[in-house]
Amino acid sequence: MAQYPSIMKGMPVLLHGGDYNPEQWLKDRETIWKEDMVLARQAGINTLSVGIFSWSHLEPSEGLYDFAWLNDVMDMLAHNGIKAILATPSGARPPWLAQTYPEVLRVNHLRQKQLYGGRHNHCMTSPVYRAKVAHMNEQLALRYGNHPALGVWHISNEYSGECHCPLCQQAFRQWLKARYGSIEALNDAWWNQFWAHRYQSFDQIESPTAPAWLGENENHGIKLAWKRFTSDQHCSFYRNEIEPLKRITPDIPCTHNMMSTYPGIDYYALGNQMDRISWDNYPHWTGTEADAEVCADTAFRHDLMRGTGNNKPFLMMESSPSAVNWDSLNSLRRPGAILLQGLQALAHGSDTVQYFQFRKSRGSYEKFHGAVVDHVGNHHTRVFQEVCEVGKALEKLSAVTGSTAENQIALIYDWENRWALEDARFASEEKNYPETIINHHAALMKVGYGVDVNDQTKSLEGYRLVVAPMCYLLRQGFAQKVQAFVRQGGTFVMTYVSGYVDEEDLCFLGGFPGPLREVAGIWAEEVDVLPAKQTNSFLYQGKTYTCQEYFELTHAESATVLATYQQDFYAGSPALTVNTYGKGLCYHIATRTDRSFLTDFYGHITAQAGLTPLLSTVPDGISVTKRVGEGGRTFLFVMNALPCENRFPLEQARVDLLTGKTHAGMVSLPPRGVMVLSEP
Ligand code: GLA
Ligand code: ZN
């Protein structure tokens, strides 16, 4: 692990800012833009993201460019010491582009061509759209490449969705040819002898549809391939966007704002292409005790996103400083929640606190979405004052910039696994894969550990404990990595429905968990799936735990049985096993367990593996993470998600960088309080 340079070259501080749409105020620029700069400086804002949805201002009609207003915006930012995160505008196209080139419009899974409107709805394949975007991006790079305000490229906005147009069908077939080589190989990989599906040529292949009555929605092979293809199309769309930027401005980092567990794009693949990753964080804070869970959920999302960026410091590109506008109920953030939300991002590796949006729109869909500057247009608002508090806090924390988590625990979350798992027919309902991973993540944090969230392609080296729940699809090489990891002394935890299918979604023959059978020392013969209320139980270390939904019936081969089911026809068969393999251990949890079991279990096995938690006890509502900076200096982030006072034990005296006070012993945190503790 390492200390990373600041995301913004020459600005070794944490970034504070947000989406800024000055083109919405062109007619009032003399007053509004000036006010904006005064207010931004007052709030300690040092970066603003501009140009995200500006295409119709940058190119009002085809080939007719107008960069004058953006020149003024960039100059104004530079003049005020604010760096620009300058966007490419592909997230929303101007009407003329759709009118002149209908091929840029997306076709949905029902094969209906969508009309102009909304945003994030272009065809990812269309050569015209790709060329237009690349040309626009080139113009931006040529014009602003040397501008003193330019800090980071913000590529498009929240890529999402899929397109089934004829161009995409053609590209899909090309993609399939490249992956499989021959139609025979494709037929074999998809098990197309089933239901008489063997194709004779790639031209016969059509993208899957939903619902199934319209076309193909039951062949798992094509569905998985389509998801991979769509994800790849977004990645190649991204590469097309950055080509001119990298060519003209090789030193300016590129990022794209992602959406945590959004299922449609393998964010590890996309993240690999970015210089730094960024993401948009919209927790459903409640203002009640339930915020402990919101905090746990958000903690996972931060760790997941950091993982997609290979655990480098990242950008929290968006967060709401107050209500959002898209929920069924859009509640206000309670006092203190904005600071808590911002510092939580830092706690998990963000080097920025950014909002959507700086100034509230006057009209249209987002006119009531939270913003730093409200319609009243001045600094006399509660939200503005709270944003100023965040600004002050960030100034005190600039030493945190570039520091990284040095976690010994990795949790595996994998998009390809999720895609395959969704289709597995042992339960028709949601498999709750993300929720399951979040449960393990929360339990690990509850026993005091920071967690990296990686996918199956990442290295396991350097970790002491690796946890891979519901690891149903094994990607090429993953089982071998697990074997080597355990053999060398690592502890690996796996669960029910793991090691069932290979990378093509074909079941492993010869006994589950397939290539993990030897390391786990078990054979998983069957899996029972029951309604949530029909629970079972097991006894582990003197305590009885309830388990539900998934019950795998396993046989201990070389493994030792640690707990057995207490009910049903499989009473007495293993619910939890451990296998010694080389110098390490592999645990197998055969059933879906709740947080209380996972917390106790991880408490035991981490102690056994000789890991030291960040705090000896983590009371309910409190969470703790660590970042390590220059010269090994540590930053311990301790936060209280609850709307009441909370206390935690601190073994060594530490200084809170936010207040300058030294703490030791039982430390009290105010409601929604955060401390950033460092060596005295
Ligand atoms: C997303 C988008 C923003 C804005 C916000 C509103 O994250 O990227 O443009 O619409 O949602 O919450
Ligand atoms: Zn298309």
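From a predicted model like this one, the values you see are computed outputs, not experimental measurements. (Residues numbered from 1 in each chain as written. Chains lettered and ligands numbered in written order. Predicted model: local features only at pLDDT ≥ 70, side-chain atom pairs only at ≥ 80, totals over all residues. Heavy atoms only, no water.)

J.: Can you explain the overall build of the protein chain? Please cite residues and give values.
T.: Scanning the protein chain from N- to C-terminus turns up 17 helices and 25 strands. Computed over its C-alpha atoms, the radius of gyration of the protein chain comes to 26 Å, within 12% of the 26 Å expected for a compact globule of 680 residues. Here the C-alpha coordinates of the protein chain stretch approximately 75 × 70 × 45 Å along the principal axes. The 680 residues of the protein chain split such that 61% are buried. Across the protein chain, the fraction of contacts at a sequence separation of at least 24, relative to all contacts at a separation of at least 6, is 71%. Total accessible area on the protein chain is roughly 25500 Å²; 53% of this is exposed by carbon and sulfur atoms. Taking the average place of the 59 positive charges on the side chains of the protein chain and the average place of its 72 negative ones, the gap between the two points comes to 4 Å. (Helix = DSSP H or I, 4+ residues; strand = E, 2+ residues; numbered from the N terminus. Rg over C-alpha atoms; globule rule 2.2 N^0.38 Å. Buried < 20%, exposed > 50% of the residue type's maximum accessible area, 1.4 Å probe, protein only. Contact = heavy atoms within 4.5 Å. Areas by Shrake-Rupley, 256 points an atom, 1.4 Å probe, with all protein chains shown as cover. Lys, Arg positive; Asp, Glu negative; His and termini not counted. Charge placed at Lys NZ, Arg CZ, Asp CG, Glu CD.)

J.: Give me the lowdown on the pattern of salt bridges, citing residues and values where you can.
T.: Counting across every chain of the model gives 35 salt bridges. Taking the shortest distance from any N to any O, the salt bridge between Arg 247 and Glu 138 comes out at 3.1 Å. Of the two residues, Arg 247 sits in helix α8 (residues 220–248) while Glu 138 sits in helix α5 (residues 127–144), which places them 109 residues apart along the sequence. Since its relative accessible area comes to 45%, Arg 247 is described here as partly exposed. With a relative accessible area of 21%, Glu 138 lands in the partly exposed category. (Salt bridge = Lys/Arg side-chain N within 4 Å of Asp/Glu carboxyl O.)

J.: Explain the side chain of Asn 192 to me, using residue names and the numbers behind them.
T.: Within the secondary structure layout, Asn 192 lies in the loop between α7 (183–189) and α8. The exposure class of Asn 192 is buried, given its relative accessible area of 0%. Contacts of Asn 192, omitting those with residues within four sequence positions, involve Leu 186, Asn 187, His 197, Arg 198, Tyr 199 and Asn 219.

J.: Explain unusual backbone geometry residue by residue, including any values.
T.: With omega at 0°, the peptide bond leading from Ala 210 into Pro 211 counts as cis. Inspection of the secondary structure assignment puts Pro 211 in the loop between α7 and α8. Cis geometry marks the peptide bond from Phe 512 to Pro 513; its omega dihedral reads 5°. Relative to the helices and strands, Pro 513 resides in the loop between β13 (491–495) and α16 (517–520).

J.: Quick one: what's the story with the coordination of the zinc ion (ligand 2), residue by residue and with numbers?
T.: Distances from the zinc ion (ligand 2) to its protein donors, Cys 123 (SG), Cys 163 (SG), Cys 165 (SG) and Cys 168 (SG), fall within 2.2 to 2.3 Å. For the zinc ion (ligand 2), the four donor atoms are set out with angles of 102 to 117° between them, so the coordination reads as tetrahedral. Each donor residue of the zinc ion (ligand 2) lies on one chain, and together they are spaced C-x39-C-x1-C-x2-C. Considered together, Cys 163 and Cys 168 belong to a single accessibility category, that of buried residues. (Donors = N, O, S within 2.8 Å, 3.2 Å for Na, K, Ca; no water. Tetrahedral: all angles 85-135°; square planar, octahedral: opposite > 155°, others 65-115°.)

J.: Let's hear about the site of ligand 1: which residues, and what values?
T.: Around ligand 1, a shell composed of Phe 53, Arg 119, Asn 157, Glu 158, Asp 280, Tyr 282, Glu 318, Trp 326, Phe 356, Glu 366 and His 369 is seen. Side-chain polar atom of Asp 280 to an oxygen atom of ligand 1: 3.5 Å apart, as the coordinates give it. The contact in question runs from an oxygen atom of ligand 1 to an N or O atom on the side chain of Glu 318, over 2.5 Å. In terms of residue class, the shell around ligand 1 is built from four nonpolar, two polar and five charged. (Near = heavy atom within 4 Å. Polar contact = N/O pair within 3.5 Å; in protein donor to acceptor, adjacent residues only side chain to side chain. Nonpolar A, V, L, I, M, F, W, Y, C, P; charged D, E, K, R; others polar.)

J.: Give me the nonpolar core: which residues, what numbers.
T.: By size, the foremost hydrophobic cluster in this structure holds 170 residues, and its most contacted members are Trp 153, Phe 492, Phe 601 and Tyr 602. In terms of residue count, helix α12 (residues 382–396) provides more of this core than any other element does, seven residues in total. Not counting residues within four places of it along the chain, the set of residues in contact with Phe 492 comprises Val 466, Ala 468, Phe 478, Val 482, Phe 485, Val 486, Leu 585, Cys 586 and Tyr 587. One finds Trp 175, Leu 176, Leu 186 and Trp 190 within the second-largest nonpolar core, a separate group that totals 16 residues. (Core = buried A, V, L, I, M, F, W, Y, C linked by side-chain atoms within 4.5 Å.)

J.: Describe the pairing of strand β4 (residues 150–154), listing the residues and the values that go with them.
T.: The two faces of a sheet get side chains in turn, since along a regular strand they alternate between them. Taken across its five residues, β4 has five buried, putting it largely inside the fold. In this structure, strand β3 (residues 83–87) lies alongside β4, joined through four bridges in parallel fashion. Directly across from Leu 86, in β4, lies its bridge partner Trp 153. Judged from the two bridges that link them, β4 and strand β5 (residues 254–255) form a sheet pairing that is parallel. (Pairing = 2+ DSSP bridges.)

J.: Before we move on, can you summarise the sheet that holds strand β6 (residues 257–258) with the specific residues and values?
T.: Across the sheet, which stays open at both edges, the three strands sit in the order β6-β7-β8 with parallel pairing between neighbours. Both edges of this open sheet fall to β6 and β8 (315–319), since each of them pairs with a single strand only. As paired strands, strand β7 (residues 278–281) and β8 are joined by four bridges and run parallel to one another. Residue pairing across strands places Trp 279 opposite Met 316, the latter belonging to β8. Relative to β7, helix α10 (residues 291–308) is tilted by about 165°, and along the sheet it contacts β6, β7 and β8. (Axes fitted to C-alpha atoms, helices over the stretch in contact; angles between N-to-C directions.)

J.: So what's going on with a nonpolar patch on the surface? Which residues, and what values?
T.: Together, Leu 110, Trp 213 and Leu 214 make up a nonpolar patch on the protein surface, roughly 340 Å² of accessible area in all. Tracing the backbone through its elements, the reader meets Leu 110 in the loop between α4 (95–100) and α5. Exposure remark for Leu 110: the relative accessible area of 34% places this residue in the partly exposed category. (Patch = residues over 30% accessible without salt bridge, like charges linked within 9 Å, V, L, I, M, F, W, Y side chains within 5 Å.)

J.: Would you mind going over the layout of surface pockets in detail, with residue names and values included?
T.: For the largest pocket, the calculated volume is near 550 Å³. Looking at the largest pocket, it is lined by 17 residues, and the ones nearest its centre are Gln 24, Phe 53, Ser 361, Ser 364 and Glu 366. Residue composition of the lining of the largest pocket, by class: five nonpolar, eight polar and four charged. (1 Å grid on protein atoms, 1.4 Å probe; cavity = no way out; pocket = protein on both sides within 12 Å on 5 of 7 lines; lining within 4 Å. Points joined across faces, edges and corners; volume = space filled by probe spheres on them.)

J.: Which residues make up the sheet that holds strand β11 (residues 452–454), and what values go with them?
T.: One open sheet accounts for seven strands, arranged β11-β10-β12-β13-β19-β18-β17; its pairing is mixed. Two strands bound the open sheet, and with one partner strand each, they are β11 and β17 (560–564). Direction aside, the axes of adjacent strands within the sheet are offset by 20° on average. Relative to strand β12 (residues 465–468), strand β10 (residues 409–412) is paired through three bridges, and the arrangement is parallel. Looking across to β12, one finds that Ala 410 is bridged to Val 466. Across the face of the sheet, helix α14 (residues 433–446) comes into contact with β10, β11, β12, β13 and β19 (584–589) while running at roughly 165° to β10. In this fold helix α17 (residues 595–608) packs onto β10, β12, β13, β18 (574–581) and β19, with an angle of close to 170° to the strand it touches most, β19.

J.: So what's going on with the state of the cysteines? Residues and values would help.
T.: A complete count under the given rule lists zero disulfides for this structure. Looking at Cys 295, it has no disulfide partner, and the nearest cysteine sulfur is the one in Cys 644, 13 Å off. Residue Cys 295 is classed as buried on the basis of its relative accessible area of 4%. (Disulfide = S-S within 2.5 Å.)

J.: Account for the environment of Leu 110, naming residues and giving values.
T.: For Leu 110 and Pro 211, which are 101 residues apart along the polypeptide, the C-alpha to C-alpha distance reads 8.4 Å. Residues within four places of Leu 110 in sequence aside, it is in contact with Ala 210, Pro 211 and Leu 214.

J.: Outline the domain arrangement of the protein chain, supporting the account with residue identities and numerical values.
T.: On domain assignment, one finds that the protein chain holds domain 1 (15–89 + 127–158 + 231–397), domain 2 (409–608) and domain 3 (622–678). Placing the centre of domain 1 and that of domain 3 at their C-alpha centroids yields a distance of 28 Å. Both sides together, the interface formed by domain 1 and domain 3 hides about 1500 Å², and carbon and sulfur atoms give 68% of it. Counting across the domain 1 and domain 3 interface gives one salt bridge. Put simply, Arg 627 and Asp 351 hold a salt bridge, and the shortest N to O gap is 2.7 Å. Taken together, the links from domain 1 to domain 3 amount to seven residue pairs in polar contact (both at pLDDT 80 or more). Contributions of two or more residues to the side of domain 1 that touches domain 3 are made by α10, α11 (337–347) and α12. Of all the elements, α11 adds the most residues to the side of domain 1 that touches domain 3, at six residues. (Domains from an automatic or database assignment. Buried area = accessible area lost by both parts, 1.4 Å probe.)

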